[in-house]
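Okay, here's what each chain looks like letter by letter:
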Amino acid sequence: MAHFETDAIHAGQEPEPTTGSAVVPIYATSTYVQSAPGEHTGYEYSRTDNPTRTALQTMLAALEGAGDDGGCVATASGMAATALIGYLLQPGDHVVLPNDAYGGTHRFFARVLGEQGIEHTVADLTDVAALEEALRPETKLVWIETPTNPLLRVVDLAAVIPVARSGGALVCVDNTFATPYLTRPLEFGADMVLHSTTKYLGGHSDVIGGAIVTGDAELLERLRFLQNAVGSVPGPFDAYLVLRGAKTLSVRMDRHCHNAREVAAFLAGDDRVAEVFYPGLPSHPQHDVAARQMRDYGGMISFRPTGGVESARKTSSATEYWFLAESLGGVESLIEVPSLMTHMSVVGTSLEVPADLIRLSVGIEHIDDLIADLDQALGSGV
Ligand SMILES: *Cc1c(COP(=O)(O)O)cnc(C)c1O
């Protein structure tokens, strides 16, 4: 294993032996010719394994520090990765979810697994006592997100993971917002790391994908079995897009973080803004935790305009460069109102977010253009 920036470009991505192709080819094949029955190169059928997907899995395992025993299973989406983890559970098992989990994660556990006799409790995982209270003897899984979506709470991994695991539960950290460049949850003892590679890893808003990384050989074997048995795999072109995107993760994240820091400072100093949520601000309640466990503070910011939900609606509709759209983590800046868009499915639940909250995914455009655009949009919202 080399350094992070080097692994992103080289891990699993040796030159292709036949031609020397410097880029991992898109192996568009469903099957592989055998020399005699059962005698093959290791590849038999592309649901089970495909070389483009193998390269992606090897690279992601290296970035998360999965070690020699560990590895990665890539999936067709982040939710497909979550669903694979769902197959590790049995009726009667119990799950602890964070109180601002990604909406789709909450929907899956509440409305899909909930109907199959798998119960869950929602807890504020920034509070270790709240986790201790939520744990039951039958708790088999504790789900962590940090920073959370959309309120950017930071969970203290060093404090929470040992407590979560003490009763025998598996810990899965959804690392989509931080990416392995900023935080590596396996180093804190997590059993699994989950990604929506749709976001920062892909990085260009042009692919849907997911992945689970683990350092545990037995868990990896079970997940690989499930990946093949369930079949929710990414095609080779999608695997290629994530591989290509992730090569530049470190340089993109540096710019995302730099721009976000400037945007957060602008918002914090503007009297049209009531509240800013960004782990990099010293006023953030978990700023110290973020400073300890993150290399930098990420590219996501939320804020509440003073003018309420009507102002949030107008501001988010008035930007030029900030596209009004769901998703996050691409090179282009995005703006959205979670209560009206991404978080509609949690309205009326314990995960409900403030109606007037605006979420920003800060892209890598020039910072002056981003701030000027927000400034004029806020003007139209008052
Ligand atoms: C987008 C997202 C997911 C779901 O991923 P898909 O690729 O959309 O299926 C899960 N967790 C987080 C934090 C996300 O942002």
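Structure's up top.
Residues numbered from 1 in each chain as written. Predicted model: local features only at pLDDT ≥ 70, side-chain atom pairs only at ≥ 80, totals over all residues. Heavy atoms only, no water.

1. Examining the sheet that holds strand S6 (residues 192-196)
- Judged by pairing direction, the sheet is mixed, and its seven strands sit side by side in the order S1-S7-S6-S5-S4-S2-S3 without closing on themselves. Each edge of the open sheet is held by one strand with a lone partner, namely strand S1 (71-75) and strand S3 (119-123). Geometrically, the sheet is characterised by an average inter-axis angle of 20° between neighbouring strands, direction not taken into account.
- Running over the sheet, helix H3 (residues 78-86) touches S1, strand S4 (139-145), strand S5 (170-174), S6 and strand S7 (210-214) and is turned about 150° from S6.
- In the packing of helix H4 (residues 103-113) onto the sheet, contacts are made with strand S2 (94-98), S3 and S4, and the angle to S3 comes to roughly 145°. (Pairing = 2+ DSSP bridges. Helix = DSSP H or I, 4+ residues; strand = E, 2+ residues; numbered from the N terminus. Axes fitted to C-alpha atoms, helices over the stretch in contact; angles between N-to-C directions. Contact = heavy atoms within 4.5 Å.)

2. A short note on the layout of surface pockets
- The space that makes up the largest pocket amounts to roughly 440 Å³.
- Lining of the largest pocket is provided by 29 residues; of these, Met 79, Tyr 102, Gly 104, Ser 196 and Lys 199 occupy positions nearest its centre.
- For the lining of the largest pocket, the secondary structure elements donating two or more residues are H3, H4 and S6.
- Sort the elements by how many residues they give to the lining of the largest pocket and H4 lands first, with four residues.
- Of the domains in this structure, domain 1 (4-246) and domain 2 (250-380) are the two that each give at least three residues to the lining of the largest pocket.
- Its volume calculated, the second largest pocket comes out at about 250 Å³.
- Taken together, 15 residues make up the lining of the second largest pocket; nearest its centre are Pro 17, Val 24, Tyr 27, Tyr 43 and Pro 51. (1 Å grid on protein atoms, 1.4 Å probe; cavity = no way out; pocket = protein on both sides within 12 Å on 5 of 7 lines; lining within 4 Å. Points joined across faces, edges and corners; volume = space filled by probe spheres on them. Domains from an automatic or database assignment.)

3. A few points about the packing of aromatic side chains
- Counting across every chain of the model gives five aromatic pairs.
- Between Phe 4 and Tyr 181 the ring centres are 5.3 Å apart and the planes differ by 50°, which places this aromatic pair in the tilted class. With Phe 4 in helix H1 (residues 4-10) and Tyr 181 in helix H7 (residues 179-182), this residue pair connects regions lying 177 residues apart in the sequence. Taken individually, Phe 4 and Tyr 181 each receive the classification buried, so the pair is uniform in this respect.
- Both rings, one in Phe 109 and one in Trp 143, keep their centres 5.5 Å apart while their planes meet at 65°; by these two values the pair is edge-to-face. Taken as a pair, Phe 109 in helix H4 and Trp 143 in strand S4 lie far apart in primary sequence, 34 residues in all. (Phe/Tyr/Trp six-rings, centres within 6.5 Å; stacked < 30°, edge-to-face > 60°. Buried < 20%, exposed > 50% of the residue type's maximum accessible area, 1.4 Å probe, protein only.)

4. Quick look at helix H8 (residues 217-230)
- Compared with the 20 Å implied by 1.5 Å per residue over 14 residues, the 20 Å span of H8 between its first and last C-alpha is a close match.
- Three or more residues of H8 are buried, namely Leu 219, Leu 220, Leu 223, Leu 226 and Gln 227. Here the buried residues of H8 occupy an arc of 125° about the axis, which is enough to place them on one side. Away from its buried face, by an angle of more than 90 degrees, H8 presents the exposed residues Glu 218, Glu 221 and Ala 229.
- Its buried side turned inward, H8 meets helix H2 (51-64), S1, H3, S5, S6 and S7.
- With a side-chain oxygen lying 2.9 Å from the backbone nitrogen of Glu 218, the N-terminal cap of H8 falls on Asp 216.
- Looking at the residues trailing H8, positive phi occurs at Gly 231, about 85°. (Expected span 1.5 Å × (residues − 1). Arc of directions from axis to C-beta. Polar contact = N/O pair within 3.5 Å; in protein donor to acceptor, adjacent residues only side chain to side chain.)

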